Amino acid sequence: MSTVKHGIDRVRATFDDESLVADAGLILAATLVARLGLESLIDSTLRLVGRVGGACPGRKVLTLVHAMVADAGCIDDANRLRAGSTGAVLGHRVMAPSTLGTFLRAFSFGHVRQLEAVVGKAIERAWGLGAGPTGTLIIDVDSTICEVYGNHKHGAVYGYTRVLGYHPLLATRADTGEVLHARLRKGSANSARGIVRFVDELLARVARAGGGDAIIVRADSGFYQHKLLNRLSKAGVGFSVTIHQRAPVRTAIDAIAETAWQRIAYPDGEAAIAECVYGARRLIVRRVRNHHGPQQQLFPTWRYHAFITNLAGSAWALDQQHRAHAVVELSIRDLKAGPLAHLPSGSFHANSAWLQCAVLAHNLLRWTATLGKLRTDELIVAKTFRRRYLNIPGRLVNRSGTPTLRLPARWPWANPFTTALDALRTLPSAPD
């Protein structure tokens, strides 16, 4: 008895087209990489001389970065860049995953610092092309837990969250979500460990990039320490840092007169703002009383949230600004949903290098959106950006001697894609 094939069963699948491009939208990021001169910058800065796998670091870092831009979560995902003609739109030779693994294992502590310098220089060049801040630059400092699995991850231990992993420090730019500085730490590190040196390096990096008329650093209570606040004050940097509700702080809050509290609009419950002086610094306090919810209190009590600041202005406005520190979680979410979902190596320094590549890929998405005029007033969500502009099927063909990237007809975001590519191609190239 014969079977008649109908519809979808008649479609054959073959993997034999050398002209297809897996993620054709990578041409946007690759164009910006070329304008920033990243391959030559990496080759001249990252010196892995004498290390196995250390040759030609530029193409290896960029292979990792472009794979992460396309949503790679592990080294093996770099293989997608070797499919068809995908590598032809990147501007550099695509390296094999086995080569990339050997390359990452070649890193030492000093080599990771060299790669950090590459990230800093890339920020300088991108801001010099027009991606930099205007007015006040607000920086959010935070840490997160990157969970790992297995017993062979050097430096991965159980921290205060009882999760096996690493505990990186991150500093992000509030208006774009760029990561301005990042450092991988062991999982047992507390939030404030190494924060003063980290902030010193951060401020030096921002100063070299020429960012903003003024700088404000925001952080949560895990980073509250007098040494950090003194360092920021000495550098002329504004700050607002949440403070723990320790006994001396509660005593200062309890001393605030009832008449000093000013009611403010709050999305969930009743709230008021007041301020006082604590430790010769300005302490702004918000109290909230929630009357809603399925198990509301019979006699609702106030919950207090306080932060230390050296900024001028009304307490209400500064409280609004400080609460916006939560935007740092959006950048952390994008990183942990992408390249930081998995730290691939058993070597701590290899994973540190992976983090720096992830930061560079994360920032490339933001710079591409800004310099390509794709950015709206909202922060870029990496998943949305990839779906609209990067993960596009294409075919690289030759039309009368002109390489042409053929993309799908009726693509919903074709016009902004074309506009972005034209804008990026008009940017001047960075000097060698």
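All values derive from a computational prediction rather than experimental measurement.

Draft legend 1. Spatial organisation of the pairing of strand β13 (residues 303–309). Buried residues dominate β13, accounting for five of its seven residues. One ladder, built from three bridges, connects strand β9 (residues 238–242) with β13; its direction is antiparallel. Each residue of the ladder has a partner; that of V241, found in β13, is I308. Here strand β12 (residues 281–289) runs beside β13; their pairing, made up of seven bridges, is antiparallel. Pairing of I284 across the sheet is with F307, part of β13.

Draft legend 2. Molecular detail of unusual backbone geometry. Positioned with a positive phi, K373 is a non-glycine residue whose angle comes to about 60°. With respect to the helices and strands, the residue K373 is situated in the loop between α11 (348–371) and α12 (382–390). Notably, R410 is not glycine yet its phi reads approximately 60°, a positive angle. You can see R410 is positioned in the loop between β15 (402–406) and α13 (414–425). According to the relative accessible area criterion, R410 is exposed, its value standing at 78%.

Draft legend 3. The arrangement of the pattern of salt bridges in detail. Counted according to the given criterion, the structure contains 21 salt bridges. Ionic pairing is found between R231 and D200, a salt bridge with its closest N-O pair at 2.4 Å. Taken as a pair, R231 in helix α7 (residues 226–234) and D200 in helix α6 (residues 195–209) lie far apart in primary sequence, 31 residues in all. Residue classification places R231 among the partly exposed positions, given a relative accessible area of 29%. D200 gets classed as partly exposed once you look at its relative accessible area, which sits at 32%. D319 serves as the salt-bridge partner of R286, at 2.5 Å between the closest nitrogen and oxygen. Here D319 lies in helix α9 (residues 315–323) and R286 lies in strand β12, a separation of 33 residues in the sequence. Judged by its relative accessible area of 1%, D319 is buried.

Calculation rules
- Residues numbered from 1 in each chain as written.
- Predicted model: local features only at pLDDT ≥ 70, side-chain atom pairs only at ≥ 80, totals over all residues.
- Heavy atoms only, no water.
- Buried < 20%, exposed > 50% of the residue type's maximum accessible area, 1.4 Å probe, protein only.
- Helix = DSSP H or I, 4+ residues; strand = E, 2+ residues; numbered from the N terminus.
- Pairing = 2+ DSSP bridges.
- Salt bridge = Lys/Arg side-chain N within 4 Å of Asp/Glu carboxyl O.

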